[in-house]
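Architecture and fold: a report
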Amino acid sequence: SWACAADDDTPPDPSSGDLTGSYPNPTVKNGAITSSKLATFPAVTLNAPTYNWSAGGSFCHGTNGPYPTNTTSSIEFTHEEFDLTNIADPETPGCYADVTGLPSGTYVITASVTWPSNSTGTRQITFYTGSVAALATSEVPATTGGRPTSQTISQVVRSPGLVGLRALQTSGSDLTLASGELSVAWVGP
């Protein structure tokens, strides 16, 4: 024979802490989630690009100088604008060759570079990874009319591990980068 259980007249358990309402369907209280309760996501911006002419482009050695024509070399940066989780590890103080040790995840990588006025040839910047594989390249003709040549590149990439920036210019003479930056920001798993 079957018997029906009596209805449970026990009121639902109230929620506590950052929740409001009762179980099984509480909600988050207004204002309960503050910045102290959020994790810091990896993000960094490096700026003030340089090239070490006297060391033939070797990282962090010699005097900073102009990029030679028809030579592909890595861009170094002398300033860290911000680094939320210490992912930009300088090779020496004031010399950042790349962003290393990126935890797994999806990142947006953006770089911008401004070359001085010179209307000859092309300008190129390329993202590279730890295996020195090219992720993306931007090549533009030199701007005419006595104006600087500016270029920007952006790429979404999954778990790169390491990210750096290379440059190439074909002006026929040495050119010093006027400005630039490299930004890497985690955007998701």
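Structure's up top.
The notes below deal with the structure included here. (Residues numbered from 1 in each chain as written. Predicted model: local features only at pLDDT ≥ 70, side-chain atom pairs only at ≥ 80, totals over all residues. Heavy atoms only, no water.)

1. Observations concerning unusual backbone geometry
Cis geometry marks the peptide bond from Tyr23 to Pro24, where omega comes out at 20°. Mapped onto the fold, Pro24 is located in the loop between β1 (19-20) and β2 (27-28). Non-glycine residue Asn86 carries a positive phi angle of around 55°. With respect to the element layout, Asn86 can be found in the loop between β5 (76-83) and β6 (106-115). With relative accessibility at 68%, the residue Asn86 sits in the exposed group. The phi dihedral of Ser159 is positive, around 40°, even though this residue is not glycine. Examined against the element boundaries, Ser159 turns out to sit in the loop between β9 (149-158) and β10 (163-169). (Helix = DSSP H or I, 4+ residues; strand = E, 2+ residues; numbered from the N terminus. Buried < 20%, exposed > 50% of the residue type's maximum accessible area, 1.4 Å probe, protein only.)

2. Overview of the environment of Ala48
Residue placement: Ala48 occurs in strand β3 (residues 43-50). Note on Ala48: relative accessible area 31%, which makes it partly exposed. Separated by 129 residues in the primary sequence, Ala48 and Leu177 place their C-alpha atoms 8.7 Å from one another. With residues up to four places along the chain from it excluded, the contact list for Ala48 reads Glu76, Phe77, Thr78, His79 and Gly180. (Contact = heavy atoms within 4.5 Å.)

3. Looking at the sheet that holds strand β4 (residues 73-74)
Spatially, four strands are ordered β4-β10-β7-β8 in an open sheet, and the strand pairing comes out antiparallel. A single partner strand is all that each edge strand has here, and the edge strands are β4 and β8 (134-141). (Pairing = 2+ DSSP bridges.)

4. Some points on the sheet that holds β6
The sheet built from five strands is open, its strands ordered β5-β3-β11-β6-β9 with antiparallel pairing. With partners counted over all chains shown, the strands left at the sheet margins are β5 and β9, one partner each. For this sheet the average axis-to-axis angle between neighbouring strands, irrespective of direction, equals 15°. One ladder, built from nine bridges, connects β6 with strand β11 (residues 179-188); its direction is antiparallel. Bridging across to β11, Thr106 finds its partner in Gly188. (Axes fitted to C-alpha atoms, helices over the stretch in contact; angles between N-to-C directions.)

5. Re the pairing of strand β7 (residues 122-129)
The element β7 is extensively covered by neighbouring structure, given that seven of its eight residues are classed as buried. With seven bridges connecting them, β7 and β8 associate as antiparallel partners. Across the sheet, the residue bridging to Tyr128 is Ala134, located in β8. As paired elements, β7 and β10 share seven bridges and run antiparallel to each other. Its bridge partner lying in β10, Thr126 is registered against Arg166.

6. Examining the packing of aromatic side chains
Overall, the coordinates contain two aromatic pairs when judged by the stated rule. Considering the side-chain rings of Phe41 and Trp186, the 4.6 Å spacing of their centres and the 5° angle between planes classify their relative orientation as stacked. Of the two residues, Phe41 sits in the loop between β2 and β3 while Trp186 sits in strand β11, which places them 145 residues apart along the sequence. Judged by its relative accessible area of 23%, Trp186 is partly exposed. With a centroid separation of 5.8 Å and an interplanar angle of 75°, the aromatic rings of Tyr67 and Trp115 are classed as edge-to-face. With Tyr67 in the loop between β3 and β4 and Trp115 in strand β6, this pair connects stretches of sequence that are 48 residues apart. Lying across the ring of Tyr128, Arg166 places its NZ or CZ 4.5 Å from the centre. (Phe/Tyr/Trp six-rings, centres within 6.5 Å; stacked < 30°, edge-to-face > 60°. Lys NZ or Arg CZ within 6 Å of the ring centre and 35° of its normal.)

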